[in-house]
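If you want the building blocks of each chain, they are given just below.
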Amino acid sequence: MRHPHIDFRLPPRFVALLDWLLQGHDAKSGRTPFEHALQRSGSCLYDIDSLLLAARAGGPLPQRAPHQELIYDNHPIEVVPFSHNGGDSLVYAWALLAPELDLDELPCVSFAPVDPEGAVWLGDDMTTALENMLLGSVADGLDQHHEPAFAALCQAMGLAPDFTRTDITAGARTSRTLHPFRPAVPAGYRFEPMSDGIGVLAPASAFAPGPFDGSAIDGEDTTLAEARRHIDEGHPASALVALTDGYFEDTPAPLVRARREAYLALGRPALAERASAWLAFHTE
């Protein structure tokens, strides 16, 4: 199954979760797939995205703008939500760092626009992310011993959250210092961690040789100049690093246009389309 608005393959374990959440759904009941799934899960995993549920159920998709999370100008383009908490627009999401890899597993993060530290680690894979979301539900006050949906979900999906852990807090949050986000790096690739919590993962050849030097970046103009230099020299991954290093809380549109160009140079049209969606929300 592919995402209905973003061209990438959903992790098989997440598709299996959608299938379980939709078991027994009957359109004649008058309930939407989202309403059925919410009751079946007991909200243990917060609100699984209604768009993904509707797409899996084969029904009409919700009437909403694609990529709507990008209405927040500091939402990282690589962060693709699959569940929503509701508090401070907190989402649980995949880090779609390199769509061209077409991975079975994607690392997961949580993100809210109010987070000054950017995206925060949720799990190295789908199973860990779901278990941590369940622990977050317990930290939010859910008594799992009196919630049948909790036990049914764990049994059906083979989840075994460790209730002795104290590092997963309410909202399935954790400290970056405890669990820094770092994806698996395939052979021939390079990863640069960044202050947005996501970083840049790309073929090593797409980076300029040596460590990144951001000493010349001190504002929008110098950020764009550095990014343009790297793109012109055939190092679009270093351009993304420069654009992220020169990040502003109120993101200037020219930086996002440059990101789109770097994504296209890296062969990542899905992320370029999301950059275009960001621009449509903020400049039109």
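Computed from a predicted model, the values in this text were never measured in an experiment.

Engineer: How would you explain the side chain of histidine 230 if you had to name every residue and give the values?
Structural biologist: Among the structural elements, histidine 230 can be located in helix α6 (residues 220–232). When its relative accessible area of 4% is taken as the criterion, histidine 230 is described as buried. Ignoring any residue separated from it by four or fewer positions in sequence, one finds histidine 230 in contact with Ala208, Phe212, His235, Pro236, Ser238 and Ala239.

Engineer: Outline the pattern of salt bridges, supporting the account with residue identities and numerical values.
Structural biologist: Counted by the stated rule, this structure contains 15 salt bridges. Note that arginine 2 and aspartate 7 form a salt bridge whose closest N and O atoms lie 2.8 Å from each other. In this structure, arginine 56 engages aspartate 19 in a salt bridge whose closest nitrogen and oxygen atoms are separated by 2.7 Å. Of the two residues, arginine 56 is situated in helix α3 (residues 50–57) and aspartate 19 in helix α1 (residues 12–22); the sequence distance between them amounts to 37 residues. On the basis of relative accessible area, arginine 56 is assigned to the partly exposed category, the value being 34%. The class of aspartate 19 is partly exposed, set by a relative accessible area of 33%. When salt bridges that share partners are traced, they join Arg9, Asp102 and Asp104 into one network.

Engineer: Give me the sheet that holds strand β2 (residues 79–84): which residues, what numbers.
Structural biologist: Here five strands make up an open sheet; going across it, the order is β1-β2-β3-β4-β5 and the pairing antiparallel. Since the sheet does not close on itself, it has two edges, and those belong to β1 (47–48) and β5 (120–123), each with one partner. Examined bridge by bridge, β2 and strand β3 (residues 91–95) share five bridges and lie antiparallel to one another. Note that in β3 the partner of valine 80 across the bridge is tryptophan 94. Helix α4 (residues 126–139) contacts β2, β3, β4 (108–111) and β5 of the sheet and is inclined by roughly 105° relative to β5.

Rules used in this analysis
- Residues numbered from 1 in each chain as written.
- Predicted model: local features only at pLDDT ≥ 70, side-chain atom pairs only at ≥ 80, totals over all residues.
- Heavy atoms only, no water.
- Helix = DSSP H or I, 4+ residues; strand = E, 2+ residues; numbered from the N terminus.
- Buried < 20%, exposed > 50% of the residue type's maximum accessible area, 1.4 Å probe, protein only.
- Contact = heavy atoms within 4.5 Å.
- Salt bridge = Lys/Arg side-chain N within 4 Å of Asp/Glu carboxyl O.
- Pairing = 2+ DSSP bridges.
- Axes fitted to C-alpha atoms, helices over the stretch in contact; angles between N-to-C directions.

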